[in-house]
Every structure is written in C-alpha cells, then in structure tokens.
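Remarks on the overall topology
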Amino acid sequence: MIPSELSWKDSFKNGLRSIEQVNQFFNISLKEMHFDNLIPLHLAYRIKEQGLDGILAKQFLPSNEEIADHQEDGLNDPIGDQNFSRPGQIIHRYKNRALFLPTTVCPVVCRYCFRKNELSNNDEIFKSDFQKTLEYFENHPEIEEIIFSGGDPLMLSNEKLESYLNSFSKIKHIKYIRLHSRTPISLPQRIDTGLTEVLKKYANTFETLSIAIHVNHKEEIDADVTAAMARLREIQSLNLLSQTVLLKGINDCPNILEDLFKKINRLGIRPYYLHHPDKVKGGMHFQLDIKAGRIIYANLRDKLPGWLIPQYVLDIPGGYGKTPLFNPEALEFSGVLINYKSQQIKL
Ligand code: SF4
C-alpha cells in the first residue's frame, strides 16, 4: 500500500540508494551494483505493487543483467556530449539551440540512461558557472532555444528555476525554452502549485515554453501521474511534448506504443521523439537492432495518424547528432547513417 501522505521531498530524501536498501525493500539478493542507484520511495512502492516482473521494475530496479559480459560493448558517453561541451554548463551541438545542464540531480536513475555514467562521474560538463553560461548565450545570437536537461531540471527548486528563466528572458534572441523531464512520471507530486505558478509566468514570457515528458509505457501513468499531467495541462500556453525510449522488453511492440501514444494524447501531450536506445554500459540488455525498430515504427504508421507518431531517431555515437532512423525504402539497415551535416557515419 503506497503511503498517501508522502511528500515529494520525503519520497526523494528517503529514496532507496544502497544495495542493502534495495535488497531489503524488495526482498531480493543483488550481489553487486556497479552504477548509481536511486528509487524515490513513492516509486519504490509502485514497483512493489506492480511486481518485480513489471515494466517499472525492469526500468528502475538495478539487476544482475547490468554487470553481464555483453555490457562491455556499451559506452560511457554514447552520444558524444564531451565533444560539444562549452564554457558554463552548456552542450552546443546544433546551431539554433543548446542544452543547458543546471543540475546533476535526477529523481530516479533509469537503468538504460546514457547519463547515468556521466552523473556518477560528476563530470566537468556539470561544473557550475552560471556567469559563463549567461555570457555564452548572450554572445551567440544564433541560439534561439535553450533546452534544460541534466539531471532533471524539475529537481531544481522553484526559486532556482525561476531565477534561470528570468535571466534567460532578458536575452532577446532566446525565444523558446524546453525542459526535458522524467519527474512527472517518477515523482509526480513534484508538480506542485509553486512549480506550476513559475511555469505559468514563463509560458507567457517566452514565445514557447515546452516540457518534453519522458514516458515509455502506459503503465507508468497511474492516478498520481494523471493528476500531475492535469496540473500541467491547466497552464494554457504550455507546450506538452513527450519523448520515449524504445527499449527491448519494455515497449518494443507496435501495440504497446500505440496504447502509449493514444493515452498521452488523452492527457494533452503530443508525441515528439521515439529514441532508439543508446549503447550504454550497463544498459545493453535494452538494446534492439535498427531493423527491428524500423519494423515496429512502420507498423505504427498503420495504427496512428501522422500527428500522433513521434520522430524515430538515433543519437549517433561520437556526437554526430540525432538522425531519423526510419527508411521507407528499406527496412534492412545498411550499417551507414547520414547525419544532419551530410556526413556518412558507419555504425
Ligand atoms: S531521469 Fe532522465 S536523465 Fe535522469 S536517469 Fe532517467 S532518463 Fe536519465
């Protein structure tokens, strides 16, 4: 039974972190845990309720699979963030937009995430120097959109988030702000009045304020998540998008994705990205090949209207950027992708 009075701060503070806490709470016997772990308490109860074979456990509970031999093929920095790191807390890969990384904190550690290795290394990218960040944005008028990533930007305090948004609102060429977050799913109580007030204010300040909510399966959406989405939806000019990672054993099936996209549509969220999984050390058991992904995606085109189908993309390892993966001429994958700069990259 999930304790109903659990605040998001308590749920986060008392989350399961150590191997002993995880083994005790779930009554399991993990031998080793090589990667960081955090399961907020509320989510831990949900995982227990759904069962250890459920899609929540598979995504958020550390497992012995993470240290199996085939994990050696995974990378620590699969999308090449290091190559585009700029002074401050910025990754500037595409001309008109840049990532801003204001925090290393996530409300949860997703076991397939490409950032989990960076986060635990406390990488240089995340070293904070906001003055340098501001100067970089001010001196690059080609940047129109700032994308808050991390970590999870909704783990910032309301005051901190507001102060960043306020600073960026003074830079004339910044028109769009986007926040990428898994918090509405993993810690839905965080979407509280204080936060929605900040979002409401800045949804009316910038040309577009978007939240791209990371959601992979309809069973991630319970009554608390639905209520959190409803609170976001009340902010009229807020642009609600989704991003989904295609994961073996979780959602690698057109019917599951169809259900998910229809469900989030009912919550007012527009499917935006379907990411092919990154080759992450410790997350290789979620991998599927590109041909399998293309077949799933081709099937979606039969089940959903175009506006309900996200873009299927891969972040090409090495920092070559996001590249659409669907090829209507051939479902077979040749082994070579052409990125946004017309570079041919052999995978
Ligand atoms: S919340 Fe996002 S950044 Fe954090 S571990 Fe999960 S997927 Fe990665």
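Here we summarise the structure given alongside this text.

Rules and cut-offs
- Along each chain, residue indices are assigned from 1 in the same order as the chain's sequence is written.
- Totals for whole chains, interfaces and linings use every residue, but because this is a predicted model, local features are given only for residues with pLDDT of at least 70 and side-chain atom pairs only at 80 or more, for both listing and counting.
- For side-chain calculations, the full set of non-hydrogen atoms in the structure is used, while hydrogens and water are omitted.
- Strands here mean DSSP runs of E at least two residues long; helices mean DSSP runs of H or I at least four residues long; both are numbered from the N terminus.
- Using C-alpha atoms as the atom set, the radius of gyration is obtained and then compared with a globule rule of 2.2 Å times the number of residues to the power 0.38.
- Residues are treated as being in contact if the distance between any of their heavy atoms lies within 4.5 Å.
- Each accessible area value is a Shrake-Rupley result obtained with a 1.4 Å probe; residue values ignore everything except the protein chains displayed when judging cover.
- Counting rule applied: Lys, Arg positive; Asp, Glu negative; His and chain ends not counted.
- Think of each charge as sitting on NZ of Lys, CZ of Arg, CG of Asp or CD of Glu.
- For the purposes of this section, nonpolar cores are sets of buried Ala, Val, Leu, Ile, Met, Phe, Trp, Tyr and Cys residues that join through side-chain atoms within 4.5 Å.
- Throughout this description, buried means an accessible area under 20% of the type-specific maximum (1.4 Å probe, protein chains only), exposed means over 50%, and partly exposed covers the range between.
- Each C-beta atom gives one direction from the helix axis, and the arc is the one those directions make.
- Any helix carries an expected span of 1.5 Å times its number of residues minus one.
- Within this document, salt bridges are pairs made up of a side-chain nitrogen of Lys or Arg and a carboxyl oxygen of Asp or Glu, the two lying within 4 Å of each other.
- Any residue with a heavy atom positioned within 4 Å of a molecule or strand is treated as near that molecule or strand.
- Under the scheme applied, nonpolar residues are Ala, Val, Leu, Ile, Met, Phe, Trp, Tyr, Cys and Pro; charged residues are Asp, Glu, Lys and Arg; polar residues are all the others, including Gly.
- Only when DSSP finds a minimum of two bridges between them are two strands counted as paired.
- Axes here mean lines fitted to C-alpha atoms, for a helix over just the part in contact, with angles spanning 0 to 180 degrees between N-to-C directions.
- Seen with the strands pointing away from the viewer, any crossover whose path from the first strand over the helix to the second strand runs clockwise is right-handed.

1. Quick look at the overall build of the protein
- Helix and strand counts for the protein stand at 12 helices and 12 strands.
- Expected size for 347 residues packed as a compact globule is a radius of gyration near 20 Å; at 20 Å, the protein falls within 12% of this value.
- A principal-axis box enclosing the C-alpha atoms of the protein has dimensions of 55 × 55 × 40 Å.
- The contacts in the protein between residues at least 6 apart in sequence include a share of 75% that link residues at least 24 apart.
- Only carbon and sulfur atoms are counted for the fraction: they give 47% of the accessible area of the protein, which is about 15,300 Å².
- Between the centroid of the 42 positive side chains of the protein and the centroid of its 43 negative side chains there is a distance of 4 Å.

2. Considerations on the nonpolar core
- One finds Phe137, Phe148, Leu161, Phe168 and Ile177 to be the most contacted residues of the largest nonpolar core, which totals 62 residues.
- The element best represented in this core is helix H9 (residues 193-203), accounting for 5 residues.
- Look past the residues within four positions of Phe168 in its chain and what remains in contact with it is Phe100, Phe130, Leu134, Phe137, Ile146, Phe148, Ile174, Ile177 and Phe206.
- The next biggest cluster of nonpolar side chains, apart from the first, holds 24 residues, and it includes Phe25, Phe26, Leu56 and Leu247.

3. Quick look at helix H6 (residues 130-138)
- The complete set of buried residues in H6 reads Thr133, Leu134, Tyr136 and Phe137. Down the axis of H6, the smallest arc covering the buried residues is 160°, so these residues share one side.
- Where H6 is buried, its residues touch strand E1 (85-86), strand E2 (90-94), strand E3 (97-100), strand E4 (145-148) and helix H7 (158-169).

4. Section: H7
- Under the 1.5 Å per step criterion, the end-to-end length of H7 is 16 Å for 12 residues, consistent within 8% with the ideal 16 Å.
- Along its buried surface, H7 packs onto E3, H6, E4, strand E5 (176-181) and H9.

5. Focus: the pattern of salt bridges
- Counted under the stated rule, the structure contains 15 salt bridges.
- Where Arg46 meets Asp222, a salt bridge forms, and the shortest distance between an N and an O atom there is 3.1 Å. Of this pair, Arg46 sits in helix H3 (residues 41-50) while Asp222 sits in the loop between strand E6 (208-214) and helix H10 (223-233), and the two are 176 residues apart along the sequence.
- Judged by relative accessible area, Arg46 falls into the buried class, the value being 6%.

6. With respect to the site of the ligand
- Near the ligand you find Cys106, Val108, Val109, Cys110, Cys113, Arg182 and His214, and these make up its full shell.
- Its residues assigned to classes, the shell around the ligand shows 5 nonpolar, 1 polar and 1 charged.

7. Brief notes about the sheet that holds strand E8 (residues 270-275)
- Overall, mixed pairing links the 10 strands, which are arranged E1-E2-E3-E4-E5-E6-E7-E8-E9-E10 in an open sheet. Two strands lie at the open edges of the sheet, namely E1 and strand E10 (321-324), each paired on one side alone.
- Here 3 bridges tie E2 to E3, and the two strands are oriented antiparallel to one another. Directly across from Ile90, in E3, lies its bridge partner Phe100.
- In the packing of H7 onto the sheet, contacts are made with E3, E4 and E5, and the angle to E4 comes to roughly 165°.
- Here helix H12 (residues 290-303) sits on the sheet in contact with E8 and strand E9 (311-316), set at roughly 160° to E9.

8. A closer look at the pairing of E8
- Strand direction decides the pairing type here: strand E7 (residues 238-245) and E8, joined by 5 bridges, are parallel. Along E8, the bridge assignment pairs Ser242 with Pro271.
- With helix H11 (residues 254-266) bridging E7 and the parallel E8, this β-α-β connection has right-handed handedness.
- Summarising the sheet, E8 and E9 pair through 3 bridges and their orientation is parallel. Bridged to Tyr273 within E9 is Gln311.

9. Concerning the environment of Ile19
- Locating Ile19 in the fold gives a position in helix H2 (residues 19-26).
- With a relative accessible area of 17%, Ile19 lands in the buried category.
- In this structure the C-alpha to C-alpha distance between Ile19 and Ser29, which are 10 residues apart in sequence, comes to 8.9 Å.
- When neighbours within four sequence positions are excluded, Ile19 is seen to be in contact with Leu30, Lys31, Glu32 and Met33.

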